[in-house]
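Observations on the three-dimensional arrangement
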Amino acid sequence: MKDLLEISCGLDVHKEKIAACILTGPLGKPTHSEIREFTTPIPDMIALRDWIISQNCHHVAMESTGIYWMPVYEILEEAFSGNITLLVVNARHMKNVPGKKTDMRDSEWISTLLRAGLLNGSFIPEKTIREFRDLNRYRKSVIRDITSQKNRVEKFLQSSGFRLSSFISDIFGASGRNIILHLIEHDQIDRPALNSCLKTKTRNRIDEILMSVNGTLSEHQKAFLKILMDHYDSLKEHLAEIEKNPEADMIPFALQVEQLSSIYGISTTASCAIIAEIGIDMKPFRTAEHICSWAGLCPGNNESAGKRNTYLSAWYWRIKQKKGAKKAIVALARKLLVIIYTMLKQGTLFDESCFEARRKNCEQKQLSRYIRELEKHGYHVEVQA
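Residues numbered from 1 in each chain as written. Predicted model: local features only at pLDDT ≥ 70, side-chain atom pairs only at ≥ 80, totals over all residues. Heavy atoms only, no water.

Moving on to a positive patch on the surface. The grouping of R318, K322, K323, K327, R369 and R372 at the surface amounts to a positive patch. Taken together, the elements giving at least two residues each to the positive patch come down to α14 (311–323) and α16 (354–376). Per-element tally for the positive patch: the top contributor is α14, with three residues. Residue position: R372 is located in helix α16. (Patch = residues over 30% accessible without salt bridge, like charges linked within 9 Å, V, L, I, M, F, W, Y side chains within 5 Å. Areas by Shrake-Rupley, 256 points an atom, 1.4 Å probe, with all protein chains shown as cover. Salt bridge = Lys/Arg side-chain N within 4 Å of Asp/Glu carboxyl O. Lys, Arg positive; Asp, Glu negative; His and termini not counted. Charge placed at Lys NZ, Arg CZ, Asp CG, Glu CD. Helix = DSSP H or I, 4+ residues; strand = E, 2+ residues; numbered from the N terminus.)

Take E63: it is sitting in strand β4 (residues 59–63). Contacts of E63, omitting those with residues within four sequence positions, involve L11, D12, W69, V88, V89, A91, M94 and I110. (Contact = heavy atoms within 4.5 Å.)

All right, on to the pairing of β4 then. With respect to burial, β4 is a largely interior element, four of its five residues being buried. As paired strands, strand β1 (residues 7–13) and β4 are joined by three bridges and run parallel to one another. Within β4, the position partnered with L11 by the bridge is M62. Sheet analysis places β4 next to strand β5 (residues 85–89), joined by five bridges and oriented parallel. Bridge pairing links M62 to V88 in β5. Taken together, β4, helix α2 (residues 69–76) and β5 form a β-α-β motif whose crossover is right-handed. (Buried < 20%, exposed > 50% of the residue type's maximum accessible area, 1.4 Å probe, protein only. Pairing = 2+ DSSP bridges. Right-handed = clockwise from strand over helix to strand, strands pointing away.)

For S81, which is not glycine, the phi dihedral falls at a positive 55°. Residue placement: S81 occurs in the loop between α2 and β5. Phi angles above zero are rare outside glycine, and D187 is one such case at about 65°. Assignment of secondary structure puts D187 in the loop between α6 (174–186) and α7 (191–197).

Reading across from one edge, β3-β2-β1-β4-β5 is the order of the five strands in this open sheet, with mixed pairing throughout. Of all the strands in the sheet, the pair left with one neighbour each is β3 (32–39) and β5. Within the sheet, the average angular offset between the axes of one strand and its neighbour, ignoring direction, is 20°. Along the sheet, helix α1 (residues 42–54) makes contact with β1, β2 (17–24), β3 and β4, crossing β3 at roughly 160°. Those strands touched by helix α4 (residues 106–115) are β1, β2, β3, β4 and β5, and its axis lies near 140° from that of β1. (Axes fitted to C-alpha atoms, helices over the stretch in contact; angles between N-to-C directions.)

So, about empty space enclosed by the protein. Here the largest cavity is characterised by a volume of approximately 30 Å³. Taken together, N136, R137, K140, A273, A276 and E277 make up the lining of the largest cavity. For the lining of the largest cavity, the secondary structure elements donating two or more residues are α5 (127–159) and α12 (268–278). Residues that form the lining of the largest cavity fall into these classes: two nonpolar, one polar and three charged. (1 Å grid on protein atoms, 1.4 Å probe; cavity = no way out; pocket = protein on both sides within 12 Å on 5 of 7 lines; lining within 4 Å. Points joined across faces, edges and corners; volume = space filled by probe spheres on them. Nonpolar A, V, L, I, M, F, W, Y, C, P; charged D, E, K, R; others polar.)

Take S111: it is sitting in helix α4. Setting aside residues no more than four positions away along its own chain, S111 makes contact with S8, C9, G10, C21 and L23.

Counting 38 residues, the largest nonpolar core has I263, I291 and L312 as the members making the most contacts within it. Secondary structure elements with two or more residues in this core: α5, α11 (254–261), α12, α13 (288–294), α14 and α15 (325–346). When residues in this core are grouped by element, the largest group, eleven residues, is from α15. By size, the runner-up hydrophobic cluster in this structure holds 30 residues, among which are V142, F162, A193 and L217. (Core = buried A, V, L, I, M, F, W, Y, C linked by side-chain atoms within 4.5 Å.)

As a further point, take a nonpolar patch on the surface. Side chains of I67, Y68 and M70 sit close together on the surface and give an oily, nonpolar patch of about 290 Å² of accessible area. Mapping I67 onto the fold places it in the loop between β4 and α2.

Another aspect to go through is the packing of α6 against helix α9 (residues 219–242). At a closest axis distance of 9 Å, the pairing of α6 and α9 adopts a crossing angle of 140°. One way to sum up the angle between α6 and α9 is to call them oblique. Along this stretch, α6 crosses α9, giving a crossing that reads as left-handed. Counting all contacts with α6, which are made through R177, I180, L183, I184 and E185, the residues of α9 involved are K222, L225, K226, M229, Y232 and D233. (Parallel < 35°, antiparallel > 145°, perpendicular 65-115°, else oblique. Left-handed = near helix turned anticlockwise from the far one by under 90°.)

All right, on to the pattern of salt bridges then. Throughout the structure, instances matching the rule amount to 18 salt bridges. A salt bridge links D50 to R49; the shortest N-O distance between them is 4.0 Å. With a relative accessible area of 40%, D50 lands in the partly exposed category. D207 is the salt-bridge partner of R191, the closest N and O atoms lying 2.4 Å from each other. Taken together, the residues R191 in helix α7 and D207 in helix α8 (residues 206–212) connect sequence positions 16 residues apart. Through salt bridges with shared partners, a single ionic network connects E74, E77, K127 and R130.

Treat this as a map of the structure, not an account of what it does.
Written as structure tokens, this is what we have:
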């Protein structure tokens, strides 16, 4: 292996300890290896950073082992005032590189591969993006918890003989919630009480709804339904607390959020989720194909493109008719990611008009093809404007 670095450090990170190996020596010459072990409490990880600084080592690589690499990465990225190259490497990639000796320690092998330039680091965004990502991912997990709790309440009502969801599309809307709270308090509901619970157009189906809730809850069922609803309410309150100051969280990325929100079908919330995952600096991704590969959309999941008369929406429906809905969704996700990559890289807003020339060009090609086919069969075609 040809050496590219004179000093390199490899870290073998475990739950309780960190094995570190620094290789030093002129390029193409035998290297000097120094291996030390550190524990994972913060003071010892700071000692690891100080040792790396004392060796003037600006290139460090480590395996992406679970979540154990994260605190090590955060402490080391502050070394040399940020002037340090940190690589978090896929363990499978390192195992596929031949040449490791049986008696060589993992940390030494990582350092050897780093010295030879044979390691490709995973995409790790800057700290502000990582913190923004933590908040967004946690928000998504809370929303999943809310959905699960809704399903528990609905399942319990069904098992108790109350078919409320058969006639009210959202049992956690105003009408459905009023009925559930009335059942918790009074264990049953009559027509006058049901009429006062229902809102707007749901009153038109009062007879059907009354049949679906024509029963009585036992004391156990009332108590259990109250527990379920209290937990649901606490989750909703927790979500509101997370979303209380979204503007403050978005301030560092306000421009990029505005860029992405200019695409039809992408809301401010969706823009934040996209930025939290891919960041705002596109330099780590060499091309649009690179970021699509990283996202698992290469070759080329998701909402429709909003209004049906937009370019993206028309493109989606065209692909759906040819390939089916699932392939069309993946293809749309890939196209959106390419557009987002280009917008963030060039600092531009989404411009629907730029696709108009392409659409006219495609229509002209299609028209020319039809004319050629007709002329092959002996027809004479005159094009009129």
